[in-house]
Amino acid sequence: MSAAERGTERPTATDPGAEGTAATAAPEGAGAPALTLPRQRQDPADGPPAINLLVVGDDPTGAFTAPWFQDGGGPRIRILRAGNLTAAGRLLTDDVHCILLDLPDVLDGVRHVLRVAPGTAVLVLTDGSDDGRAAEAVRVGAQDHLARGDVDAGTVTRAVRYAVERKRADLALRKLTETRLLAQENRRLERGLLPTPLLEGSGLRFASHYRPGRSRALLGGDFYDTVRTSDGVVHAMIGDVCGHGPDAAALGVELRIAWRALTFAGLGGDALLRTLQQVLVHERADDEIFATLCALDIAPDGHSAGLYLAGHPAPLLAGPGRVPRLLPPEDGGPALGLLPDAIADWQRIPVALDGEWRLMLYTDGLIEGRVGSGTQRLEQDGMVRLVSRLLTAGLHGDALLDAAVTEVRELNGGELTDDVAVVLLERTVLQP
């Protein structure tokens, strides 16, 4: 094959162990030392972007001594040369788009290149008769193989271009697969962090609705839990870490787990809230971060409860024949993390529960949505009216919560930007 067939003039001598080739000038006189001149690149200054091809091997036929290949108006394939993998390592930069291996042990060469340059396309040069070795090289990780007898401008240009595009596609697919696996793992992790209520033997029905404000997330800064301790008391809690994102979600999970552990350990009331505040202060990333909390301790007979509010909206109480109302919030204390322990104080608010009742605990994401296109917010009064209508319509349990959140979203004109958590506890008295 002539140099003209490759689209360039072949230099007169090459150095197979380093980048490029060099031309040797004839001596001017007898005994004069040879003068080595740098090779002059033949590629034009203007034209399509070049693709850099690093050829690794002895190149016994001299097929790749030309400085570049080009087929018509396609991209120029610049040729860099290295006699072995050690020399190739000195030339491997981000500017190398493809590596062509012409080595006796091509499989080891492919494995080596995949370790040192995993993002670079790989071609292998074969004699044309050993299809088995070429196929094995592709199985190991090469993008394609090129027969030595087919080396010309068109074949080299197409092979390099296709190899580079296949590598890009492989990397994109791998990245997409890794992203999907990571998303699935995060979802499994988040789903495992959502609480499972422990209410066996309480006679209460439990329902919840949770909707994080973050897109494609399962957890937000809102958190809740409900458990029954060995003395028959049912403990319910709902809270909200200020802010959004994974940090707020992580802190909310920490507070929920701490609350459950402390509750089962027998801590309650003001002492429990002070301990949760210590957890928050030690775990928060910024001194400005705080959390609101609403906690209820329901007596075993279901006739009374103690309410603790730490900067959180008061729960809603409803029952047959009674207008739903908010429990009194006037004795609530500060949010966790706002005041030091010496100043912070949380008082128990007694709550009377007669006959059948429903207690709904919620975060402010439910009441801060807009009503229509203006600036008006739903707020607590609007939420009470909305829930009253749904109760009159006969809804209860999960259906009640789902309908309430759906209507709040519709009033907002779209998805709510804040996290929303709602917990419903219902006591039903069996008629004799």
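Everything numeric in this text was worked out from a predicted model, so none of it was measured.

Cut-offs and rules
Residues numbered from 1 in each chain as written. Predicted model: local features only at pLDDT ≥ 70, side-chain atom pairs only at ≥ 80, totals over all residues. Heavy atoms only, no water. Pairing = 2+ DSSP bridges. Helix = DSSP H or I, 4+ residues; strand = E, 2+ residues; numbered from the N terminus. Axes fitted to C-alpha atoms, helices over the stretch in contact; angles between N-to-C directions. pLDDT = per-residue confidence, 0-100. Contact = heavy atoms within 4.5 Å. Core = buried A, V, L, I, M, F, W, Y, C linked by side-chain atoms within 4.5 Å. Buried < 20%, exposed > 50% of the residue type's maximum accessible area, 1.4 Å probe, protein only. Parallel < 35°, antiparallel > 145°, perpendicular 65-115°, else oblique. Left-handed = near helix turned anticlockwise from the far one by under 90°. Nonpolar A, V, L, I, M, F, W, Y, C, P; charged D, E, K, R; others polar. Expected span 1.5 Å × (residues − 1). Phe/Tyr/Trp six-rings, centres within 6.5 Å; stacked < 30°, edge-to-face > 60°.

Draft legend 1. Representation of the sheet that holds strand β16 (residues 349–352). The five strands are arranged β10-β11-β12-β13-β16 in an open sheet whose pairing can be described as antiparallel. The open sheet terminates on both sides in strands that have one partner only, identified here as β10 (222–228) and β16. Geometrically, the sheet is characterised by an average inter-axis angle of 15 degrees between neighbouring strands, direction not taken into account. Here strand β12 (residues 291–298) pairs with strand β13 (residues 304–310) via five bridges, running antiparallel.

Draft legend 2. Seen up close, the confidence of the model for the chain. Per-residue pLDDT for the chain has a mean of 84; in total, 84% of the residues score no lower than 70. Long-range and interchain partners of residues 1–45, a stretch whose pLDDT sits below 50, account for 83 contacts in this model, where long-range means more than four residues apart.

Draft legend 3. Representation of the nonpolar core in the model. Judged by nonpolar contacts, the single largest core of 28 residues is most densely connected at I298, L307, L353, W357 and L359. Broken down by secondary-structure element, the contributors of at least two residues to this core are β9 (204–211), β11 (234–241), α6 (246–264), β12, β13, β16, β17 (357–362) and β18 (420–427). Not counting chain neighbours up to four residues away, the residues in contact with L307 comprise C294, A295, L296, P315, L327, P328, Q347, R348, I349 and V351. Membership of the second largest hydrophobic core comes to 23 residues, among which are M360, M383, L416 and V420.

Draft legend 4. The packing of helix α8 (residues 379–392) against helix α9 (residues 397–412), seen in detail. At a minimum axis distance of 10 Å, the contact between α8 and α9 shows a crossing angle of 135 degrees. In terms of their interaxial angle, α8 and α9 are classed as oblique. For α8 against α9, the interelement crossing comes out right-handed. Note on element contacts: α9 touches α8 through L400, A403, A404, E407, V408 and L411, opposite L386, R389, L390 and L391. For the contact of α8 with α9, the per-class residue count stands at eight nonpolar, no polar and two charged.

Draft legend 5. Molecular detail of α8. A rise of 1.5 Å per residue sets the reference length of α8, with its 14 residues, at 20 Å; its end C-alpha atoms lie 20 Å apart and thus fit the reference within 8%. Turning to α8, its buried residues number three or more, namely G382, M383, V384, L386, V387, S388, L390 and L391. Directly after α8, the chain includes G394, whose backbone phi takes a positive value near 90 degrees.

Draft legend 6. Quick peek at the packing of aromatic side chains. Within the structure shown, the criterion is met by two aromatic pairs. Judged by centre distance (5.7 Å) and plane angle (55 degrees), the ring pair of F64 and F69 falls under tilted. Residue classification places F69 among the buried residues on the basis of a relative accessible area of 0%. Aromatic side chains Y210 and Y224 sit 6.0 Å apart centroid to centroid with 45 degrees between the ring planes, which places their arrangement in the tilted category. In this pair, Y210 is assigned in strand β9 and Y224 in strand β10, connecting sequence segments 14 residues apart. The pair formed by Y210 and Y224 is uniform in burial state, with each residue classed as buried.

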